[in-house]
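One-letter residues, chain by chain:
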Amino acid sequence: MSTFSGRLLNMRADRLVATLLLMQARGRVTAAEVASELEVSVATSRRDFEALSAAGVPVYPQSGRGGGWSLVGGARTDLTGLNASEVKALFLLTGSAMSIDPGARSALRKLVQALPETFREHAHAAAAAVAIDHTKWGEDVRDRPEWVTELQNAVAARRKVLLAYENRDHQKTRRLVDPWGVISKYNIWYLIAGTEAGKRTFRIDRISAVESSEVAYHRPDDFELNREWWLIVVEVERHRSLATATILINSHLTSALRAQFGRHFEDLGLDNDGRALVRITAPMPLSIAEQLAGWGAAVEVIEPDSVKTHLARLGAELMQRYAIADMG
């Protein structure tokens, strides 16, 4: 892999490529404009421009009134100085293009068309290898698993891989799979793959080894990564949302509660006493109680009684355990 692509793959890829695409779409942008568009600080935006430049991307600053950052050669540069490996590396990073503005998405399409014809197949395959889902499923952000890049490359190259995998029940298997797409969900990484048993989804942080092969596979013609991932999310959410509770919480705490429950949080407005009325969901009433127990008196459960009962039991168990500990 070239120095250019190697450096890019180690950066905040989604944001850097979004910045590059905005420059392609608009010709010249300021750090403040990019910061506003991508919801980062101006200082972060400036560091991103400098990082792109240091990595070898042809960008340069212009000072003074009407200044900003531009691509060398102007807004219509076709960037065809990239070699085949660099094209693949660049488009592997564009899964997040769906999260930026329509102008950037249009620029991505134009950038593909500007590539030499021999590179376009690589670009299309790499761009379709990754999807980004920014919604949290209640877990903390994790480090990027070591196998993500190798799996992305296998998806783009349409090559089978052998996985050493451990499922949630700690059962270990080795599976030869057809890697169809890689997804980052709030930095939790998943692989959608074809197997002998049909389509399956694997958490990449549960993969302990990946062996790439030279054996080609054919991905279904009607497969579209974002659509397939949405179907998976809908099914998972259906199982995760079987129980519902309505609670009251001080309005200044709603953002923290929303971050904890993600899609399972619904703001219902303000109650008569000024507190926020919120609906939350989980697989079972016990799951809701366990997640709310740490909030103590900051939350008040309105309904259902099953969640109140679980909270009362959890509170009694804690009181008993720590009362005994204090007496000892």
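Residues numbered from 1 in each chain as written. Predicted model: local features only at pLDDT ≥ 70, side-chain atom pairs only at ≥ 80, totals over all residues. Heavy atoms only, no water.

Draft legend 1. Layout of the overall build of the protein. Check the secondary structure of the protein and you find 12 helices and 13 strands. Looking at the 328 residues of the protein, the share that counts as buried comes to 43%. Of the contacts made within the protein by residues no fewer than 6 positions apart, 64% connect residues no fewer than 24 positions apart. Surface exposure of the protein reaches about 17400 Å², of which carbon and sulfur atoms provide 51%. (Helix = DSSP H or I, 4+ residues; strand = E, 2+ residues; numbered from the N terminus. Buried < 20%, exposed > 50% of the residue type's maximum accessible area, 1.4 Å probe, protein only. Contact = heavy atoms within 4.5 Å. Areas by Shrake-Rupley, 256 points an atom, 1.4 Å probe, with all protein chains shown as cover.)

Draft legend 2. Geometry of the sheet that holds strand β3 (residues 68–71). Taking strand neighbours across the sheet as the criterion, the 3 strands line up as β1-β3-β2 in an open arrangement whose pairing is antiparallel. The open sheet has two edge strands with one neighbour each: β1 (28–29) and β2 (59–62). Across 4 bridges, β2 lies against β3 in antiparallel orientation. Looking at β3, one finds that P61 is bridged to W69. (Pairing = 2+ DSSP bridges.)

Draft legend 3. Focus on a nonpolar patch on the surface. On the surface, a nonpolar cluster with roughly 310 Å² of combined accessible area is contributed by W230, L231 and V234. By the element assignment, W230 lies in helix α9 (residues 225–240). (Patch = residues over 30% accessible without salt bridge, like charges linked within 9 Å, V, L, I, M, F, W, Y side chains within 5 Å. Salt bridge = Lys/Arg side-chain N within 4 Å of Asp/Glu carboxyl O.)

Draft legend 4. Structural detail: the sheet that holds strand β10 (residues 243–249). Sheet architecture is open: 4 strands sit in the order β11-β12-β10-β13, paired in antiparallel fashion. Among the strands making up the open sheet, the edge pair consists of β11 (265–270) and β13 (299–303). Taking the axes of each pair of neighbouring strands and ignoring which way they run, one obtains an average angle of 30° across the sheet. In terms of strand pairing, β10 meets β13 through 4 bridges, oriented antiparallel. By the bridge assignment, I249 is partnered in β13 with V299. (Axes fitted to C-alpha atoms, helices over the stretch in contact; angles between N-to-C directions.)

Draft legend 5. Representation of the pattern of salt bridges within the structure. Counting across every chain of the model gives 11 salt bridges. A salt bridge links R174 to E211; its shortest N-O distance comes to 3.0 Å. Taken together, the residues span a long stretch of sequence, with R174 in strand β6 (residues 172–185) and E211 in strand β9 (residues 207–216) at a distance of 37 residues. For R174, a relative accessible area of 53% puts it in the exposed group. Between R203 and D205 there is a salt bridge, with the nearest N and O atoms lying 2.8 Å from each other. Owing to a relative accessible area of 10%, R203 belongs among the buried residues under this scheme. Taken together, the shared-partner salt bridges connect K199, R227 and E228 into one network.

Draft legend 6. Main features of the environment of V182. As for its position among the elements, V182 is in strand β6. Residue V182 is classed as buried on the basis of its relative accessible area, which comes to 0%.

Draft legend 7. Quick look at helix α10 (residues 254–261). Where α10 is concerned, the buried positions are T254, L257 and F261. The buried residues of α10 occupy an angular sector of 65° when the element is viewed end-on, so they sit on one face. In this fold, the buried residues of α10 make contact with β10, β11, β12 (276–282) and α11 (285–292). Backbone geometry just downstream of α10 places G262 in the positive-phi region, at approximately 60°. (Arc of directions from axis to C-beta.)

Draft legend 8. Region of interest: the nonpolar core. Core analysis: the largest hydrophobic core is formed by 19 residues, its most contacted members being I247, I249, L257, V278, I280, I288 and L292. For this core, the secondary-structure elements that each account for two or more residues are β10, α10, β12, α11, β13 and α12 (305–327). Setting aside residues no more than four positions away along its own chain, I247 makes contact with L257, A276, L277, V278, I280, L292, V299, E300, V301 and I302. Of all hydrophobic cores here, the second largest spans 17 residues; its members include L191, I204, I207 and V210. (Core = buried A, V, L, I, M, F, W, Y, C linked by side-chain atoms within 4.5 Å.)

Draft legend 9. Focus on the side chain of T281. With respect to the helices and strands, T281 occurs in strand β12. For T281, a relative accessible area of 15% translates into the label buried. Reaching out from T281, the side chain makes a polar contact with the side chain of H264 at a distance of 3.0 Å. (Polar contact = N/O pair within 3.5 Å; in protein donor to acceptor, adjacent residues only side chain to side chain.)

Draft legend 10. Representation of the pairing of β11 within the structure. Judged from the 4 bridges that link them, β11 and β12 form a sheet pairing that is antiparallel. Opposite E266, over in β12, you have R279 as the bridge partner. In this structure, the hairpin formed by β11 and β12 is closed by a connection of 5 residues, where G274 is found at a positive phi of approximately 95°.

Draft legend 11. Region of interest: the pairing of strand β7 (residues 188–195). Taking burial as the measure, the 8 residues of β7 include 7 buried ones, the bulk of the element. Sheet topology places β6 next to β7; 7 bridges connect them, and they run antiparallel. In the strand pairing of β7, G181 is matched with I192. The loop that links β7 with its antiparallel partner strand β8 (residues 198–203) comprises 2 residues.

Everything listed here is a matter of geometry and, on its own, says nothing about what the molecule does.
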